[in-house]
Structure formats: C-alpha cells, structure tokens
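# Remarks on the overall topology
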Amino acid sequence: MDFIDLKTQQSRIQEALNSNIQKVLNHGGYIMGPEIKQLETKLAAYTGTKHAISCASGTDALLMALMAYGVKPGDAIFTTPFTFIATAEVISLLGAMPVFVDIDPKTYNIDPAKLALAIKALKSNDPSIYPLPITPNPLPITPRGVIPVDLFGLTADYDAIESIAKEHGLFVIEDAAQSFGAKYKDRMACSFGNIGCTSFFPAKPLGCYGDGGMCFTNDDHLAEIMASIRVHGKGGHKYDNVRIGINGRLDTLQAAILLAKFEIFPEEVELRQTVAQRYTDLLTNNLSPITSDQRPALITPYLPRGARSAWAQYSLLARDEDHRTAILKKLQDNKIPSAIYYPKPLHMQDAFADLGYKKGDFPVSEDSASHIFSLPMHPYLTTQDQEKIVEILARS
Ligand SMILES: *Cc1c(COP(=O)(O)O)cnc(C)c1O
C-alpha cells in the first residue's frame, strides 16, 4: 500500500503524458515554452482568478507574492506555526518577521479571533495581549500581511480573515499549497485573499514530476510584478532589469506533465471526496463510543458547512501521544504507511529560535502536534485497503 499512489494515475494518463512530453522535446522550448501559458490559462479559469503566474515551486510562489508587496526588514507577517516550514521561511528570508498565531482546534487552520488579538498586541507592543516575537530593536515593526494556510486541503476561514485584514490594511496571501481543488461556498482555493499560492510538488493534490508552483491573483498590477520577479525582475525585455527578482520559472516539461494530469484532476478531486467520506464512515461505525470522561478514541476531520476539502491529507487525532505511538507501530507492523504532519510547530524549531517564542505560546498547535497523524490518502485508495486500515485502528 502506498501513502500516496502516483502509479495508478500515471497508468491512466500514460499516452497523454508521453505525447505532451514528446511535444516539448520536439519544439525544444524548455524555458517558458508554449505549455506554460496554456497551463496558466487553464488553471486561472479553474480557480476563477484573472491571472496565473507559474513558478518553480510552492516556496517560490510564496516568495514572489511577498516580494510583489515589497516585504522587507521591519515588516511583520502573521501566519500559523502549524504548517510546513516554507510558509514562514519566506518571511524570514526577506528579513521580515513572522508573527505566529495559534490554530483552531477543529480545522487546524489559523484562528481568526487570535489573529485579531495578535494584531492588537503587535500594534500596542503588548505581549500580555498575545505572545509576540522578540523585536530586534531599534527597528519599528509594521504589520503588513497575513499568510493563512489551507492545511490538509481545507480552506482557512477567509470570511473572517479577509474582514480583519481589511480593517487593519493588511494583505492576505493564501498558502494553498495543499488545497488546489478545494472549494468554499462558491469560491475555489487559490482565489482567496490578494494572492493565492499553490505547489505542484509530486505529493500535493495536483503534482508534477519535480518541483513547481503557481501564484493566482485578480490584481493586474500584482500579476505584472510577479511575472517580472519570476524572471530576474525583467522589464520590457530580457536584458532590461527593473527590479531585483529571482530565477523562479516553471520548467516547460513540468507544465506539459501538469496539462496531462489536469485532464483528470476534477474527477480525482471527486474521488478524494469519496475516499475521505468512506474513511469517516468506517471510523465512525467501527470505533468505540465516546465516554464522557475521556477524549474519543480518534477524532475524524472536521468539515465546515459549505466546504469541499482537496484532502491533501486525511488526518486524525489520537487520544494522546502514547496512543498515537501505539497506532503508528501497529500500522507499521501491518505495512501500512502513515505520517505525522507536523510533529513540531514552527515556533519550537531551531530555525526560528531568534524569535524568542517559548513552549506554551501556541497551546492548540502544540497539543495537535503531539497526537495528530495522517493515513494513506489518494484518489485510488480501495475500499478493501481502507477497511483493512480501519480494522487495525479499531484494535488500537
Ligand atoms: C508543500 C508546501 C509548501 C511548499 O511547496 P514546495 O513546492 O515544496 O516549495 C508551502 N506551504 C505548505 C503548507 C506546503 O504544504
């Protein structure tokens, strides 16, 4: 059993893949070939955004978005500590300051009420309101933006986040690395906030065969700046440089691969719904009932009304850390792969030690990290395999 099965998908689209790859080999436009624009046009339409700017990775997408806003030392960007390092890494890379905000215990996404508190604390420089990072004096700190993460494929609470951001004049960059294909009410992931950033890392809902990413926006000006940043800050032509940029292009070959994969992607998103629902049904029917004096044996993912997750991960909460250790061992003994996203919140990582955060600052993230785990999840998971997994979980 695979944690993420990419082989079944490949066998379904083998012909389209071969033909798309061969086309690139024939025309030889390896850098910014015609497939780049084709892919951007298709994915912009799919997400309901005006502009799509492909790039070399999800990390570069976030970096380009922050660079488009001119983020610099002295700027503060609010984000969650319960995410992959890339979300906050790009903030630090530009010399700006990540300000962490704890998550909602049900969705694992940034908690809007705590975001409002963190903004207030930063603006009044009062860590008694909400934990703040150590400010490297004498720089004044300016709140600039928020990067909510659509963790495990579920969009963050943008109704609340967008209104808080507006009130405080902050930009919103949606980290949609895990949520391409997700939907909330009538809006698609990647269309929230000012810029949506996704990743085509192979294990993401829409993955290529290497690294890749994309920025989405409805803002003409931001789109133009990001397209320039992607190619060394180019101006009217290649050797006209109007700003400092990066080499952030998506390979034409990866775009050709993504075009083949995208053909069946909407169907795969539906299959993911079926697989996730089957997990939840099986788990609900097979686990011992909740007693009032203890946590339930396992907590299944929460899906807010009106939300469709991209199910990048199907994550469960065990009763506690020991329970999780026992479950993971049983799964391993039965050759069933599993993973922990994420075992250590970012404020506890050495890389962010300079921020001066301490254990206890973000209790929901810390608690989730201590007993969360993820099961195999992909569109082609069989009922039989899921039954086998749940049977093992029911005995743990
Ligand atoms: C994967 C991921 C990224 C980074 O994407 P890459 O394509 O690997 O650079 C950023 N944020 C989140 C939440 C991710 O899961």
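Everything discussed here concerns the structure shown above.
Starting afresh in each chain, residues are numbered from 1 along the sequence in its written order. Where totals are concerned, whole chains, interfaces and linings use all residues; where local detail is concerned, this predicted model gives features only for residues with pLDDT of at least 70, and gives and counts side-chain atom pairs only at 80 or more. Hydrogens and waters are ignored; side-chain quantities use all the structure's heavy atoms.

## Quick word on the nonpolar core
In this structure, F78, V99, F100, V101, L115 and L122 are the most contacted members of the largest nonpolar core, which totals 32 residues. Going along the chain from the N terminus, every DSSP run of H or I of four or more residues is numbered as a helix, and every run of E of two or more is numbered as a strand. Residue assignment for this core shows that the elements contributing at least two residues are strand 2 (75-79), strand 3 (97-100), helix 5 (112-123) and helix 6 (158-168). Top contributing element to this core by residue count: helix 5, with 5 residues. Each domain's limits were defined by an automated method or a database of domain assignments. Each of domain 1 (6-262) and domain 2 (265-394) contributes no fewer than three residues to this core. A contact between two residues is defined here by any heavy atoms of the two lying within 4.5 Å. Excluding residues within four positions of it along the chain, L115 makes contact with F78, V101, V146, I161 and I164. Counting residues in each nonpolar core, the second largest holds 28 residues, with M64, V71, I195 and I229 among its members. What makes a nonpolar core is a set of buried Ala, Val, Leu, Ile, Met, Phe, Trp, Tyr and Cys residues whose side-chain atoms join them at distances within 4.5 Å. Partly exposed describes any residue whose relative accessible area lies between the buried limit of under 20% and the exposed limit of over 50%, with all areas from a 1.4 Å probe on protein chains only and scaled to the type maximum.

## Description of the sheet that holds strand 11 (residues 307-308)
Two strands pair if DSSP finds at least two bridges between them. The strand order 7-6-11 describes an open sheet built from 3 strands, whose pairing is antiparallel. Edge strands, defined here as strands with exactly one partner in the open sheet, are strand 7 (187-188) and strand 11. Bridging between strand 6 (residues 183-184) and strand 7 involves 2 bridges; their strand directions are antiparallel. Opposite Y184, over in strand 7, you have R187 as the bridge partner.

## Some points on the packing of aromatic side chains
Geometry of aromatic contacts follows a simple scheme: Phe, Tyr and Trp rings, the Trp one being its six-membered ring, pair when their centres are within 6.5 Å, and the pair is stacked under 30 degrees between planes, edge-to-face over 60, tilted otherwise. By the definition in use, this model includes 20 aromatic pairs. Aromatic side chains Y130 and F362 sit 6.1 Å apart centroid to centroid with 45° between the ring planes, which places their arrangement in the tilted category. Taken together, the residues span a long stretch of sequence, with Y130 in the loop between helix 5 and strand 4 (142-147) and F362 in the loop between helix 10 (321-333) and helix 11 (363-371) at a distance of 232 residues. A relative accessible area of 7% places Y130 in the buried class. For F362, a relative accessible area of 0% gives the class buried. When the centroid spacing of 6.3 Å and the interplanar angle of 20° are considered together, the rings of F262 and F265 count as stacked. For F262, a relative accessible area of 11% corresponds to the buried category.

## Details of the side chain of T217
Considering the arrangement of structural elements, one finds T217 in strand 9 (residues 213-217). Residue T217 is classed as buried on the basis of its relative accessible area, which comes to 1%. For the purposes of these results, a polar contact is taken to be a pair of N or O atoms within 3.5 Å, where, inside protein, one atom must be able to donate a hydrogen and its partner to accept one; residues adjacent in sequence count only when each atom of the pair is a side-chain atom. A distance of 2.8 Å separates the side chain of T217 from the backbone oxygen of N194, its partner in a polar contact. Apart from the residues within four sequence positions on either side, T217 is in contact with T49, K50, H51, N194, I195, L222, A223 and M226.

Any functional reading would require information that these geometric values do not contain.
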